[in-house]
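# Commentary on secondary and tertiary structure
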Amino acid sequence: VTLPTPRVEYRVNEASASRSPWIDGNGWQMLRAPGSTYFYDVGSDAGAGALACAEAFAYGAKAMVSAAGAAADSFHRMIAFLEKLPAAGDTGLANIGVIDDGSQESGELMNLLTRRNLLYRVVQRPDAGLDLNVRLGAPEYPRGEAANPDFLAHKIRSQLGDDKRLVRIYGSEVVIVRLTGDANHQRLHLLNYSGKPVEGLRVRLLGAWPVRRLMAFDAPQSKLSDVTSADGATEFTISELSTYAAVDLSR
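Residues numbered from 1 in each chain as written. Predicted model: local features only at pLDDT ≥ 70, side-chain atom pairs only at ≥ 80, totals over all residues. Heavy atoms only, no water.

## Concerning the sheet that holds strand 14 (residues 224–230)
Here four strands make up an open sheet; going across it, the order is 9-12-15-14 and the pairing antiparallel. Edge strands, defined here as strands with exactly one partner in the open sheet, are strand 9 (167–170) and strand 14. Taking each pair of neighbouring strands and ignoring which way they run, the sheet shows an average axis angle of 20°. Across eight bridges, the pairing between strand 12 (residues 198–206) and strand 15 (residues 233–241) is antiparallel. Looking across to strand 15, one finds that Arg-202 is bridged to Thr-237. (Pairing = 2+ DSSP bridges. Helix = DSSP H or I, 4+ residues; strand = E, 2+ residues; numbered from the N terminus. Axes fitted to C-alpha atoms, helices over the stretch in contact; angles between N-to-C directions.)

## A few points about the pairing of strand 10 (residues 175–181)
Of all seven residues that make up strand 10, seven are buried, and the element is covered over most of its length. Of the two faces of strand 10, both are covered, the one formed by Val-175, Val-177, Leu-179 and Gly-181 as well as the one formed by Ile-176, Arg-178 and Thr-180. Two strands pair when backbone bridges link them, and strand 10 and strand 11 (residues 185–192) are joined in this way by seven bridges, in the antiparallel orientation. Bridge assignment links Ile-176 to a residue of strand 11, and that residue is Leu-191. Linking two consecutive strands that pair antiparallel, namely strand 10 and strand 11, is a turn of three residues. (Buried < 20%, exposed > 50% of the residue type's maximum accessible area, 1.4 Å probe, protein only.)

## Here we look at the environment of Ala-70
Looking at the secondary structure, you find Ala-70 in helix 3 (residues 69–83). In this structure the C-alpha to C-alpha distance between Ala-70 and Ser-44, which are 26 residues apart in sequence, comes to 5.8 Å. Beyond its immediate stretch of four places on either side in the chain, Ala-70 contacts Ser-44 and Ala-46. (Contact = heavy atoms within 4.5 Å.)

## Focus on the pattern of salt bridges
Going through the model one piece at a time under the given rule, you end up with 14 salt bridges. Between Arg-7 and Asp-45 there is a salt bridge; the shortest N-O distance is 3.6 Å. One end of the pair, Arg-7, is in strand 2 (residues 7–12); the other, Asp-45, is in the loop between strand 4 (37–43) and helix 2 (46–58), and 38 residues separate them in sequence. Overlapping salt bridges, with partners in common, bring together Arg-157, Asp-162, Arg-165 and Arg-168 in one network. (Salt bridge = Lys/Arg side-chain N within 4 Å of Asp/Glu carboxyl O.)

## Side note on helix 3
Residues lying three or four places apart along an α-helix face the same way, a consequence of the helix completing one turn every 3.6 residues. Its 15 residues give helix 3 an end-to-end C-alpha distance of 22 Å, which sits within 8% of 21 Å, the value for a rise of 1.5 Å per residue. For helix 3, every residue scored as buried is listed here: Ala-71, Ala-72, Ser-74, Phe-75, Met-78, Phe-81 and Leu-82. Its buried side turned inward, helix 3 meets strand 4, helix 2, strand 5 (62–67), strand 13 (211–216) and strand 16 (244–250). (Expected span 1.5 Å × (residues − 1).)

## Some points on unusual backbone geometry
Phi is positive for Asp-226, which is not a glycine, with a value near 50°. Position of Asp-226 relative to the elements: it lies in strand 14. Residue classification places Asp-226 among the exposed residues on the basis of a relative accessible area of 54%. We note that Asp-231 has phi near 55°; this positive angle belongs to a residue other than glycine.

## Thoughts on the packing of helix 2 against helix 3
In the contact formed by helix 2 and helix 3, the axes pass within 6 Å of each other and the chain directions differ by 35°. The element helix 2 and its partner helix 3 pack so that their crossing is right-handed. Residues Ala-46, Gly-47, Gly-49, Ala-50, Cys-53, Ala-54 and Phe-57 of helix 2 form the contact with helix 3, whose participating residues are Ala-70, Ala-71, Ser-74, Phe-75, Met-78, Ile-79 and Leu-82. For the contact of helix 2 with helix 3, the per-class residue count stands at eleven nonpolar, three polar and no charged. (Left-handed = near helix turned anticlockwise from the far one by under 90°. Nonpolar A, V, L, I, M, F, W, Y, C, P; charged D, E, K, R; others polar.)

Given below as structure tokens:
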């Protein structure tokens, strides 16, 4: 499956003079068809080689990357970085189940849920272990609402409630997360699609978690600060996020 180059595009917001970031990310496709082999052609886009590599890694996908020049260099540096990471569980954790009917509307919904960091998994039938299950065409999710996926994603977020979300990100619209692991060990993957470092990224994780380590690509000086645990959640700040970072937590 050929994928677009992962990046951020800035689109004019018709309601104002500002530009809203639109993430061209591929995680939703990897969640939708985890058995596929994916192909990126990133050309010589310097940051895209590393980002494509990290994106496939975070989602546990098999991928090939065609890269030249600076993109090939960043790809190889990312490979070297990822090879040094300690092993971690790769089971994706989620609040939401999406019953995928294979339609374009379901795909666009999953795309927006990913961009909003509303963690989901694709299921064949409602999963009682999840907080919310979504099937387009069900009475509570009329197919007509899928014509406005932005509205639908907002509706799902409201139904779930922010207090139940496994992960929340503050201070950036260009970072996508994936959470993997189990009840005792978790890894938070953070992907920065902007091509520029994000500074002072605040993260909230549901549950009381001792934070074991931060491993940040191209930002060896990055550190965790202001770590707090209260009201059933753990929060911390990452001083600098380049293309990719992983945070390991364990009880």
